[in-house]
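# Examining the three-dimensional arrangement
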Amino acid sequence: MHSEDHNQDHDHPHDHGREHDHPHEEISITEAPGYYDVMETAVRELLVERKLFGPDEIRRQIEVLDSRTPALGAKVVARAWVDGDFRKRLLEDGRKGCEELGITFYDDTQLIVLENTPDTHNLIVCTLCSCYPRPVLGLPPDWYKLKPYRSRAVYEPRAVLEEFGTHIPNDVEIVVSDSTALVRYLVLPMRPAGTENLTEEELASLVTRDAMIGVVPVNYQKRAA
Amino acid sequence: MTSQSIAETVVPALGEVPIFVVGERVRTGTRFPVGHYRLPTYLRGKLGVVERVIPTMAVDNEEEGYGRNAGSKGHYYRIAIPMSEIWTDYKGQASDGLRIEVFENWLERI
């Protein structure tokens, strides 16, 4: 993309804080498609041509993926914090637990929810590619898909966590789960202290994507009265 | 009939009962076929313990990937492997460990 600075809709008047007289770059793809772009297009067109699926199914699946964000995972975590029975069911079968809350699994994967405790810290990675609990978290961050994280998370997890600002004391066991086949993982972080009076919704707003991957804890700082 | 006695009358299909049980010690396979395989090479030939049996049977996605599977299913197992078993120079606590789901045909009983 060449148009990062000009991606607003310019049909309406607005204020850039200065005289708006510079020419606009056209929003278009000007680079030639790469090898994998061409291959993806070719395979997609062949599949459509042979009626294995239609263009609307592709569009629909993109909509499905776009509807998944870390806010879903945060709701699951908050529910587990406030409802002990739900937490138990979620830890027994992560997929069924999420489905209870209406989060569907469209991709035949199973989900194991890994509970962080004062004795155990969980971290998730996919060393082979980018397996990620997409039904509950959406798309993975770029660093999750890149080789430095993928190779180092299983070799020196404590050093990787330190780089995220997370210090795990020596008496806490680190468990790294490598998702490679049909099972995906979601970390159930520890509920931070001082949150006893928060509502489920307020609790969910504290839970971040990175906490559910296991690279940071969930933090809570009381607002000054 | 209680659920226990019902279960006694049901004959499971071949392969339906998991081969390994929780707590069993296993070794991951040491073969190195060329292609798309889901047991990472850094975890081949390692000693571990079955921590969990994944209840839902699934296709062998390696065979499936090559169009040779014909839909047959098997079990995946969550295997616990100590970091010190994987890396001789591991810097961390002795209790630190790795977990991975492994399809039954990559596991050997020891």
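What comes next is a walk through the structure. Being a predicted model, the structure only gives us computed values, none of them experimental.

## Thoughts on the state of the cysteines
Within this structure, the stated rule accounts for zero disulfides over all chains. Here C98 of chain A stays free of any disulfide, with the sulfur of C131 of chain A as its closest cysteine sulfur at 17 Å.

## With respect to the environment of R150 of chain A
Residue and element names in this part refer to chain A. Along the chain, R150 turns up in helix α8 (residues 147–152). According to the relative accessible area criterion, R150 is buried, its value standing at 13%. Residues R150 and C129, 21 residues apart in the sequence, show an inter-C-alpha distance of 8.2 Å. Not counting the four nearest positions on each side in its chain, R150 is found in contact with V125, C126, T127, L128, C129, Y144 and K145. At 2.9 Å, the side chain of R150 forms a polar contact with the backbone oxygen of K145.

## Focus: the layout of surface pockets
To find leftover empty space, one rolls a probe the size of a water molecule over the atoms. Residues and elements named next belong to chain A. Its volume calculated, the largest pocket comes out at about 260 Å³. Residue lining of the largest pocket: 16 residues in total, with N116, H121, I168, M190 and P217 positioned closest to the centre. Residue composition of the lining of the largest pocket, by class: nine nonpolar, six polar and one charged.

## Description of the interface of chain B and chain A
Quoted interface sizes are often the accessible area lost when the parts come together. Each partner contributes to the interface: chain B provides 24 residues, whereas chain A provides 26 residues. Roughly 2,200 Å² of surface becomes buried between chain B and chain A when both sides are summed, with 51% attributable to carbon and sulfur atoms. Across the chain B-chain A interface, the total number found is two salt bridges. A salt bridge links E173 of chain A to R99 of chain B; its shortest N-O distance comes to 3.8 Å. Counting across the interface, chain B meets chain A through 13 residue pairs in polar contact (both at pLDDT 80 or more). If you list the elements that add at least two residues to the side of chain B that touches chain A, you get β5 (76–82) and β6 (97–103) of chain B. Take the side of chain B that touches chain A: its biggest share by element is five residues, from β6 of chain B.

Each value, and the rule that gives it
- Residues numbered from 1 in each chain as written.
- Chains lettered and ligands numbered in written order.
- Predicted model: local features only at pLDDT ≥ 70, side-chain atom pairs only at ≥ 80, totals over all residues.
- Heavy atoms only, no water.
- Disulfide = S-S within 2.5 Å.
- Helix = DSSP H or I, 4+ residues; strand = E, 2+ residues; numbered from the N terminus.
- Buried < 20%, exposed > 50% of the residue type's maximum accessible area, 1.4 Å probe, protein only.
- Contact = heavy atoms within 4.5 Å.
- Polar contact = N/O pair within 3.5 Å; in protein donor to acceptor, adjacent residues only side chain to side chain.
- 1 Å grid on protein atoms, 1.4 Å probe; cavity = no way out; pocket = protein on both sides within 12 Å on 5 of 7 lines; lining within 4 Å.
- Points joined across faces, edges and corners; volume = space filled by probe spheres on them.
- Nonpolar A, V, L, I, M, F, W, Y, C, P; charged D, E, K, R; others polar.
- Buried area = accessible area lost by both parts, 1.4 Å probe.
- Salt bridge = Lys/Arg side-chain N within 4 Å of Asp/Glu carboxyl O.

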